[in-house]
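Report on the structure
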Amino acid sequence: EAVVSTQSTGRIVRIFKFVRHSRDLLIIMKAVSNAKRELILLVCLLFIFVITFGSIMYYIESGEKGTNFNSIMSSCWWVIVTITTVGYGDMCPTSAGGKLFGGFVLTLGIVFLALPMTIIVSKFSFVYEREKM
């Protein structure tokens, strides 16, 4: 196990050495670093989003028979899976209100995940133009 761990650490170090010599990867890292504040805010909003909508979904589905929404935490898991559009299929709403709310969460999740891309792309453009000169 120690040998495998040492090999894994060596691979990670090699990746970081490669990043240091790649101009394009350095620009991407600078862009993400410049967007640090916005991305931290986004993670905080995501946390609030998951807790709020997980709680709402739990209360919508808690009275249904045969539901997998047994706790607020399991409902939060469903929200995370739905936001990221992974859709494992292990949980799904059974009531009409739950299905309607699920569609709402999915739509908001897609919009919510599109936000960081616009932030990173704008920061990338700024850093790329600055590095190009």
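A brief report on the enclosed structure follows. Numbers given to residues run from 1 along each chain, matching the order in which its sequence is written. The predicted nature of this model means local features are confined to residues of pLDDT at least 70 and side-chain atom pairs, given and counted, to a pLDDT of 80 or more, with totals for whole chains, interfaces and linings taken over all residues. Side-chain measures here rest on the full set of heavy atoms in the structure, leaving out hydrogens and waters.

Re a nonpolar patch on the surface
On the surface, a nonpolar cluster with roughly 370 Å² of combined accessible area is contributed by Leu25, Ile28, Val32, Phe124 and Tyr128. Those elements that place two or more of their residues in the nonpolar patch are helix H2 (23–34) and helix H5 (96–132). Segments assigned H or I by DSSP are reported as helices when at least four residues long, segments assigned E as strands when at least two residues long, and all are numbered from the N terminus. Element by element, the count of residues in the nonpolar patch is highest for H2, at three residues. Mapped onto the elements, Val32 comes out in helix H2. Two joining distances apply to patches: 9 Å for like charges and 5 Å for nonpolar side chains (Val, Leu, Ile, Met, Phe, Trp, Tyr), and every residue must have over 30% relative accessible area and no salt bridge. Each accessible area value is a Shrake-Rupley result obtained with a 1.4 Å probe; residue values ignore everything except the protein chains displayed when judging cover. Each salt bridge in this description consists of a side-chain nitrogen of Lys or Arg and a carboxyl oxygen of Asp or Glu lying within 4 Å of one another.

Here's the deal with the nonpolar core
Counting residues in hydrophobic clusters, the biggest one holds twelve residues: Phe49, Val50, Phe53, Met57, Phe69, Cys76, Trp78, Val79, Ile83, Met91, Phe101 and Val105. Only helix H3 (36–61), helix H4 (72–83) and H5 provide two or more residues apiece to this core. Two residues form a contact once any of their heavy atoms are found within 4.5 Å. The contact partners of Phe101, leaving out residues within four places of it in the chain, are Phe53, Ile56, Met57 and Ile60. Residue types Ala, Val, Leu, Ile, Met, Phe, Trp, Tyr and Cys, when buried and joined through side-chain atoms within 4.5 Å, form a set referred to as a nonpolar core. Note on exposure labels: buried denotes an accessible area under 20% of the residue type's maximum, exposed denotes more than 50%, and partly exposed covers the range between, all computed with a 1.4 Å probe on protein chains only.

Notes on the packing of H3 against H4
Two elements in contact, H3 and H4, have axes separated by 8 Å at closest approach and are oriented at 120 degrees. Here H4 runs oblique to H3, going by the angle between their axes. Along this stretch, H3 crosses H4, giving a crossing that reads as right-handed. Contact residues: Leu46, Phe49, Val50, Ile51, Phe53, Gly54, Ser55, Met57, Tyr58 and Tyr59 in H3; Ile72, Ser75, Cys76, Trp78, Val79, Ile80 and Ile83 in H4. Residues were grouped as follows: Ala, Val, Leu, Ile, Met, Phe, Trp, Tyr, Cys and Pro as nonpolar; Asp, Glu, Lys and Arg as charged; and all remaining residues, including Gly, as polar. Tallied by class, residues from the contact of H3 with H4 come to 14 nonpolar, three polar and no charged. The axes used here are C-alpha line fits, helices contributing only the stretch in contact, and every angle between their N-to-C directions lies in the interval 0 to 180 degrees. An angle below 35 degrees is read as roughly parallel, one above 145 as roughly antiparallel, one from 65 to 115 as roughly perpendicular, and any other as oblique. Crossing handedness: left-handed means the near helix sits turned counterclockwise from the far one by under a right angle, and right-handed means the same turn made clockwise.

Section: the side chain of Ser74
Here Ser74 is to be found in helix H4. A distance of 2.9 Å separates the side chain of Ser74 from the backbone oxygen of Ser71, its partner in a polar contact. Ignoring anything within four residues of it in the chain, the contact list for Ser74 reads Asn68, Phe69 and Met91. Here a polar contact is taken to be a pair of N or O atoms separated by no more than 3.5 Å, where protein atoms must pair a possible hydrogen donor with a possible acceptor and residues adjacent in sequence count only if both atoms sit in side chains.

Points about the pattern of salt bridges
A side chain of one charge can pair with a side chain of the opposite charge when the charged atoms of the two come close. By the definition in use, this model includes one salt bridge. Glu38 is the partner of Lys123 in a salt bridge, and the nearest nitrogen-oxygen pair spans 3.6 Å. With Lys123 in helix H5 and Glu38 in helix H3, this residue pair connects regions lying 85 residues apart in the sequence. Relative accessible area serves as the criterion here: at 29%, Glu38 is assigned to the partly exposed category.

Description of the packing of aromatic side chains
Planes of paired rings set the category: under 30 degrees apart is stacked, over 60 is edge-to-face and the rest tilted, where pairs are Phe, Tyr or Trp rings (Trp by its six-membered ring) whose centres lie within 6.5 Å. The tally for this structure, following the rule as stated, stands at eight aromatic pairs. Measuring from centroid to centroid gives 4.5 Å for Phe49 and Phe53, while their planes differ by 80 degrees, and the two rings are edge-to-face. Here Phe53 and Phe49 lie together in helix H3, a separation of four residues that amounts to about one turn. Judged by its relative accessible area of 12%, Phe53 is buried. Their ring planes at 70 degrees and their centres at 5.2 Å tell us that Tyr58 and Tyr59 sit as a pair that is edge-to-face.

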